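For reference, the chains in residue letters:
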Amino acid sequence: MTGSVRHFLDLDQLDAATLRAIINHGLAIKRGAWSGKPLAGKTLALIFEKPSTRTRVSFEVGMRQLGGDVVVLDSPGSQLGRGETVGDTARVLSRYVAAIMIRTDSATKLAELAEFGSVPVINGLTDRSHPCQIMADVMTFEEHLGPIKGRVVAWVGDGNNVATSWIHAAARFEFELRLACPEQLKPAQAVVDWANANGGRVRFVSSPQEAVAGVDCVVTDTWVSMNHQDRSERINLLLPYRVDDALMAGAKPDAVFMHCLPAHRGEEVTDAVIDGPRSVVWDEAENRLHIQKAILIWCLVD
Ligand code: CP
Ligand code: NVA
């Protein structure tokens with residue numbers, strides 16, 4: 001059941017004003033300008049079909065800080081892992097909890113959960129996208145560099161789920177996004193076309209050096225995501241896309257480096273960059289907590 005239920009499924013499914021309000025709320029929560037226990041008496045179900053550190057801990061801590069509670073279902077320990085349908089799981093969980101977050105291998109399962117449940121569903125990562133992460137990343141950019149509107153971000157590496165949410169964000173938050181990805185690992189052209197048809201300025205460039213030239217922010221992610229099997233083939237393709245000091249030197253002097261984590265140090269990024277003065281990766285991780293509180297409040301209270 002969708003109707004008036006407030007799902008947080010993907011950045012292309014929410015309007016710019018809603019996303020901006022959630023970012024501003026996340027910033028206010030972090031500043032301590034907002035407090036209270038608005039989720040007292042409410043429980044969030046967290047379904048994990050894949051591993052997680054940040055998403056699990058930030059949702060659990062965030063929900064509790066807002067006065068609510070959580071129940072965690074790891075796939076092997078629930079009937080979902082034995083083949084109970086997503087639709088039936090959604091109908092049952094909706095009788096117990098106020099909202100459901102899912103990390104799954106399938107965007108279809110996310111959509112089915114929203115279709116058959118009657119409570120808000122939050123996307124905690126699929127093979128297609130990772131919207132909560134990019135909300136935290138936009139918040140982090142703005143903390144360090146001011147409004148992201150009109151600024152330039154470079155994505156260097158695999159055109160994966162995180163890249164797709166960055167593309168959605170480029171349209172919704174009106175920044176320019178340059179992507180340098182191996183031909184075989186580009187994000188779907190349809191996603192780029194959607195962004196550019198919705199006010200975005202998203203384009204592929206032919207090299208990491210071209211992508212980072214004069215940008216405000218350089219972003220990368222692991223070369224081998226949780227849904228990937230072809231590790232050695234990917235690493236061979238992505239070796240020229242490692243973010244090191246030489247590549248960062250092409251960005252603006254005050255440019256920041258972002259990575260959603262977990263990082264594979266020495267693969268997509270060097271120790272010198274991730275531990276260096278331009279890296280804001282720990283702020284990104286912290287901001288998952290603040291932005292997810294704002295997302296939960298938007299889903300359940302506003
Ligand atoms: N960035 C992120 O989602 O991390 P986890 O896989 O640890 O949740
Ligand atoms: N692209 C990575 C992100 C992990 C948070 C993955 O899907 O494994």
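In this text the structure is predicted, and so the values were computed from the model without any measurement.

Draft legend 1. The overall build of the protein, seen in detail. Secondary structure summary: the protein contains 12 helices and nine strands in total. Against the compact-globule benchmark of 19 Å for 302 residues, the protein has a radius of gyration of 19 Å, which places it among compact chains. Here the C-alpha coordinates of the protein stretch approximately 55 × 45 × 35 Å along the principal axes. Expressed as a percentage of its 302 residues, the buried residues of the protein come to 57%. For the protein, long-range pairs separated by at least 24 residues make up 74% of all intrachain contacts whose partners lie at least 6 apart in sequence. Of the accessible surface of the protein, which amounts to about 12100 Å², a share of 50% is contributed by carbon and sulfur atoms.

Draft legend 2. Spatial organisation of the packing of aromatic side chains. Counted by the stated rule, this structure contains one aromatic pair. Arranged with centres 5.8 Å apart and planes meeting at 80 degrees, the rings of W166 and F175 form a pair that is edge-to-face. We classify F175 as buried; its relative accessible area is 1%. The side chain of K186 reaches across the aromatic face of F204, ending 4.6 Å from its centre.

Draft legend 3. How the structure looks around the sheet that holds strand β1 (residues 43-48). The strand order β2-β1-β3-β4 describes an open sheet built from four strands, whose pairing is parallel. Among the strands making up the open sheet, the edge pair consists of β2 (69-74) and β4 (121-123). Looking at each pair of strands side by side, their axes are set apart by 20 degrees on average, direction ignored. Pairing geometry for strand β3 (residues 99-103) and β4, over three bridges, is parallel. The partner of M101 across the bridge, within β4, is I122.

Draft legend 4. A look at the pattern of salt bridges. Applying the stated criterion across every chain yields a total of 24 salt bridges. A salt bridge links R128 to D12, with the nearest nitrogen and oxygen atoms 3.7 Å apart. Residue R128 is located in the loop between β4 and α5 (131-145), and its partner D12 is located in the segment before α1 (16-31); the two are separated by 116 residues in the primary sequence. Of the charged contacts, one joins R56 and D74 as a salt bridge, the two residues approaching to 3.7 Å between their closest N and O atoms. Placement of R56 in helix α2 (residues 54-65) and of D74 in strand β2 is noted, with a sequence separation of 18 residues between them. Residue R56 is classed as partly exposed on the basis of its relative accessible area, which comes to 29%. Taken together, the shared-partner salt bridges connect R56, E60, R64, D69 and D74 into one network.

Draft legend 5. Highlighting the site of ligand 1. The immediate surroundings of ligand 1 are formed by S52, T53, R54, T55, R103, H130, Q133, C260, L261 and R288. Between ligand 1 and T55, the relevant distance is 2.7 Å, taken from an oxygen atom to a side-chain nitrogen or oxygen of the residue. A distance of 3.1 Å separates an oxygen atom of ligand 1 from a polar atom in the side chain of R288. Taken by itself ligand 1 offers 260 Å² of open surface, and the protein chains cover 96% of this.

Calculation notes
- Residues numbered from 1 in each chain as written.
- Chains lettered and ligands numbered in written order.
- Predicted model: local features only at pLDDT ≥ 70, side-chain atom pairs only at ≥ 80, totals over all residues.
- Heavy atoms only, no water.
- Helix = DSSP H or I, 4+ residues; strand = E, 2+ residues; numbered from the N terminus.
- Rg over C-alpha atoms; globule rule 2.2 N^0.38 Å.
- Buried < 20%, exposed > 50% of the residue type's maximum accessible area, 1.4 Å probe, protein only.
- Contact = heavy atoms within 4.5 Å.
- Areas by Shrake-Rupley, 256 points an atom, 1.4 Å probe, with all protein chains shown as cover.
- Phe/Tyr/Trp six-rings, centres within 6.5 Å; stacked < 30°, edge-to-face > 60°.
- Lys NZ or Arg CZ within 6 Å of the ring centre and 35° of its normal.
- Pairing = 2+ DSSP bridges.
- Axes fitted to C-alpha atoms, helices over the stretch in contact; angles between N-to-C directions.
- Salt bridge = Lys/Arg side-chain N within 4 Å of Asp/Glu carboxyl O.
- Near = heavy atom within 4 Å.
- Polar contact = N/O pair within 3.5 Å; in protein donor to acceptor, adjacent residues only side chain to side chain.

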